[in-house]
Amino acid sequence: MRVQSSATAPARIAVPAPARTFGTLQAALGVAAFSLTFPATAWGLEGFGPWSLVAVRSVLAALVAGGCLLALRIPLPARAHWPGLAVVAAGVVVGFPLLTTLALRTSTTAHAAVVVGLLPLTTALLSALRVGTRPSRTFWAAALAGAAAVVAFTVQQSGGALTTADLYLFAALLVCAAGYTEGGRLARTMPGWQVIAWALVLCLPLSVPAAALALSHEPVHLTAQSLAGLLWVAAGSQFVGLVVWYRGMAAIGIPKASQLQLAQPLLTLVWSVLLLGEHLTVAAPLTAAAVLVCIAVTQRARG
């Protein structure tokens, strides 16, 4: 892939406007898919235990991904790509789903969504360390302002006290940001959908026995909502969403794509009301306005 972003390479390389627009659209579609992850997980937890839900979603997503790889006769990745794929697998396929699912046993989806709103800044920071990104001061100022808005909302909602669920969520931020950063780097040299597909397949030797063990120890009560939740987190969040997300990151750069995720907690808040009947405070629309302004600034700031 010859088109590279200044956000993922030290040298400044011009990216055609149509490619930037399409890349932004793909990253935005990924964010839309991710925004449904927490409500879908809450639905899934109605019928599955946390370990069963995570393991089964990984197996189902890997079957979809593996089927696509086989149907298209995609060759194995180069040996140099496997360490990066392992990071993606550990962070995006295993770490983030497991930690957030454990958190959602005691946290509302609205609260979890706001805490995970810090993911864009975390991803941008790891990107700077991993791939030599040097965003502008304006970019960082807007990113920090968006993160501050998210933190203020979280503190206001939780009364200033961190819970065990919050610790799970903060750990999830770190592992997911690492997976996003490495996945975005790999998506510069191989198709984005293959990045997540191979990462899912790489986890199969662990996810299959884990699913069998978890299902034998945790009760299962199947309902329409629990099945819908499982199918969405497996196919929508774990595969399709990540496919368009990595393609978007490869086109517009990791930092700018990550800032689109500032909108994710706000979308999740809407879903939490519509799908789960949760109640929002007055602070939600105020945070939404502040975050949307930050997104507009980061998208205009040069890296």
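So, a few notes on the structure that sits alongside this text. Because the structure is predicted, anything quoted here is derived from the model rather than measured.

Structural notes on the packing of aromatic side chains
Across all of its chains, the model carries six aromatic pairs by this definition. Aromatic side chains F38 and F96 sit 6.5 Å apart centroid to centroid with 20° between the ring planes, which places their arrangement in the stacked category. Taken together, the residues F38 in helix α2 (residues 37-44) and F96 in helix α4 (residues 82-103) connect sequence positions 58 residues apart. The exposure classification of F38 matches that of F96, with both residues buried. Taking the centre distance of 5.9 Å and the plane angle of 90° together, the rings of F139 and W140 count as edge-to-face. Overall, F139 belongs to the buried group, its relative accessible area being 1%. An aromatic cluster of at least three residues, connected via ring pairs, comprises F34, Y180 and W245.

A short note on helix α3 (residues 50-71)
Compared with an ideal rise of 1.5 Å per residue, which puts 22 residues at 32 Å, α3 spans 32 Å between its outermost C-alpha atoms and is within 8% of the ideal. One or two positions beyond α3, positive phi appears at R73, with a value near 55°.

Things to note about the pattern of salt bridges
Inspection of every chain in the model, using the stated rule, returns one salt bridge. The partner of R185 in a salt bridge is E182, with the nearest N and O atoms 2.5 Å apart. On the criterion of helical spacing, the pair formed by R185 and E182 is a turn pair, its members being three residues apart in helix α8 (residues 164-186).

Structural notes on empty space enclosed by the protein
Which parts of space are left empty comes out when a probe the size of a water molecule is rolled across the atoms. One pass over the full model with this rule turns up two cavities of 30 Å³ or more. Taken as a whole, the largest cavity spans an internal volume of roughly 170 Å³. In this structure, the largest cavity is lined by 17 residues; those nearest its centre are F34, T37, F96, Y180 and S237. For the lining of the largest cavity, the secondary structure elements donating two or more residues are α1 (17-35), α2, α4, α8, α10 (224-252) and α12 (264-276). Partitioned by chemical class, the residues of the lining of the largest cavity number nine nonpolar, seven polar and one charged. Considered as a void within the structure, the second largest cavity measures approximately 30 Å³ in volume. The wall of the second largest cavity is formed by V114, V150, F153, P265, L266, L269, A284 and T287.

Points about helix α9 (residues 192-217)
A rise of 1.5 Å per residue sets the reference length of α9, with its 26 residues, at 38 Å; its end C-alpha atoms lie 36 Å apart and thus fit the reference within 8%. Along α9, the helix axis deviates most sharply at L204, where the bend reaches about 55°; the proline P205 sits within four residues downstream.

Section: the layout of surface pockets
In this structure, the second largest pocket encloses a volume near 240 Å³. Contributing to the lining of the second largest pocket are 13 residues, with W51, V54, A55, V94 and A210 lying nearest its centre. Breaking the lining of the second largest pocket down by element, the ones donating at least two residues are α3, α4 and α9. Counting residues per element, the lining of the second largest pocket draws most heavily on α9, which supplies six residues.

Side note on the state of the cysteines
Applying the stated criterion across every chain yields a total of zero disulfides. In this structure C68 is a free cysteine whose sulfur lies 17 Å from that of C203, the closest cysteine sulfur available. Left unpaired, C176 is separated from the closest cysteine sulfur, that of C203, by 14 Å. Judged by its relative accessible area of 1%, C176 falls in the buried class.

What counts and how
- Residues numbered from 1 in each chain as written.
- Predicted model: local features only at pLDDT ≥ 70, side-chain atom pairs only at ≥ 80, totals over all residues.
- Heavy atoms only, no water.
- Phe/Tyr/Trp six-rings, centres within 6.5 Å; stacked < 30°, edge-to-face > 60°.
- Helix = DSSP H or I, 4+ residues; strand = E, 2+ residues; numbered from the N terminus.
- Buried < 20%, exposed > 50% of the residue type's maximum accessible area, 1.4 Å probe, protein only.
- Expected span 1.5 Å × (residues − 1).
- Salt bridge = Lys/Arg side-chain N within 4 Å of Asp/Glu carboxyl O.
- 1 Å grid on protein atoms, 1.4 Å probe; cavity = no way out; pocket = protein on both sides within 12 Å on 5 of 7 lines; lining within 4 Å.
- Points joined across faces, edges and corners; volume = space filled by probe spheres on them.
- Nonpolar A, V, L, I, M, F, W, Y, C, P; charged D, E, K, R; others polar.
- Bend = angle between axes of the 7 residues up to and from the residue.
- Disulfide = S-S within 2.5 Å.

This is a description of form; function is not addressed.
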